[in-house]
Amino acid sequence: MKFFIDTANLAQIKEAQELGVLDGVTTNPSLMAKEGIKGAANIKKHYVDICNIVTGDVSAEVIGTEFSEMVKEGEELAALHKQIVVKVPMIRDGVKAIKYFTEKGIRTNCTLVFSAGQALLAAKAGATYVSPFIGRLDDVSTDGLRLIDDIRIIYDNYGYETQILAASVRHPMHIIDCAKLGADVATCPLSAIVALLNHPLTDKGVAQFLADA
Ligand code: E4P
């Protein structure tokens with residue numbers, strides 16, 4: 001399974017990259033705002049800065065909600081760097097835009113996916129990645145992991161190549177469960193990735209070996 005980091009914070013992206021397990025980055029407008037990145041020029045520069053830290057795919061989200069706006073923004077974002085994947089919301093014009101980008105050879109990440117039907121549409125339009133938001137589903141008492149399972153079955157039934165990118169990951173067990181269910185990618189906060197390291201018996205064992213040495 002690929003690990004993406006879900007942040008626009010350059011220090012956290014560098015830390016995950018240095019750990020040696022990072023395969024890419026996802027961002028969204030809220031994550032960019034959290035870092036205080038404002039204005040089209042600064043936002044574009046920030047995406048290029050991220051691409052220069054990592055070797056994998058970097059999702060950059062369009063803001064427009066109409067087809068022509070999404071196409072214009074997406075083409076500009078894709079032209080910034082070869083690692084950019086254009087992130088498009090799962091709305092009617094978004095599906096049309098994903099189909100357009102697919103035909104142009106521009107890779108896409110279909111975001112804000114909350115149902116198997118939406119994931120099926122994203123795959124049919126040719127999305128490179130589909131992003132089911134498992135944590136936000138859990139937040140409204142709906143099983144986010146069940147959605148990953150459903151999408152995996154549907155995609156395998158028909159051989160869709162769209163990669164399942166588990167998003168809105170909150171904790172390390174989300175990552176483990178997504179891996180068990182066959183998600184292709186999990187995009188996670190740094191805390192969830194680092195939490196995979198921890199086990200008290202490892203700490204106890206290291207302490208014992210150091211004492212004995
Ligand atoms: C990733 O692509 C999503 O934007 C992100 O995982 C959303 O996570 P959140 O529900 O924690 O905001």
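Below you will find a few notes about this structure. As the structure is a prediction and not an experimental result, all values here were calculated from the model.

What counts and what doesn't
Residues numbered from 1 in each chain as written. Predicted model: local features only at pLDDT ≥ 70, side-chain atom pairs only at ≥ 80, totals over all residues. Heavy atoms only, no water. Helix = DSSP H or I, 4+ residues; strand = E, 2+ residues; numbered from the N terminus. Polar contact = N/O pair within 3.5 Å; in protein donor to acceptor, adjacent residues only side chain to side chain. Near = heavy atom within 4 Å. Areas by Shrake-Rupley, 256 points an atom, 1.4 Å probe, with all protein chains shown as cover. Nonpolar A, V, L, I, M, F, W, Y, C, P; charged D, E, K, R; others polar. Salt bridge = Lys/Arg side-chain N within 4 Å of Asp/Glu carboxyl O. Buried < 20%, exposed > 50% of the residue type's maximum accessible area, 1.4 Å probe, protein only.

A few points about the side chain of Thr162
Inference 1: If you trace the backbone, Thr162 turns up in the loop between α8 (144–158) and β7 (163–166).
Inference 2: Of note is the side chain of Thr162, whose polar atom sits 2.7 Å from the backbone oxygen of Ala127.

Some points on the site of the ligand
Inference 1: Taken together, Asp6, Thr26, Asn28, Lys87, Phe133, Arg136, Ala167, Ser168, Arg170 and Thr187 make up all the residues around the ligand.
Inference 2: With respect to the ligand, the side chain of Lys87 contributes an N or O atom lying 2.6 Å from an oxygen atom.
Inference 3: When the free accessible area of the ligand is taken as 340 Å², the share hidden by the protein chains comes to 84%.
Inference 4: Among the residues forming the shell around the ligand, the class breakdown is two nonpolar, four polar and four charged.

Overview of the pattern of salt bridges
Inference 1: Summed over all chains, the structure comprises ten salt bridges.
Inference 2: In this structure, Asp156 engages Arg152 in a salt bridge whose closest nitrogen and oxygen atoms are separated by 3.1 Å. Placement of both Asp156 and Arg152 in helix α8 is noted, with a separation of four residues, approximately one turn of the helix.
Inference 3: The buried category is assigned to Arg152, whose relative accessible area is 14%.
Inference 4: Two residues, Asp184 and Arg152, come together in a salt bridge whose shortest N-O distance is 3.1 Å. A residue pair is termed long-range when its members are at least 10 positions apart, and Asp184 in the loop between α9 (172–181) and β8 (185–188) and Arg152 in helix α8 qualify at 32 residues.
Inference 5: Linked by salt bridges that have partners in common, Lys44, Lys72 and Glu76 make up one network.

Taken by themselves, the reported measurements are silent on function.
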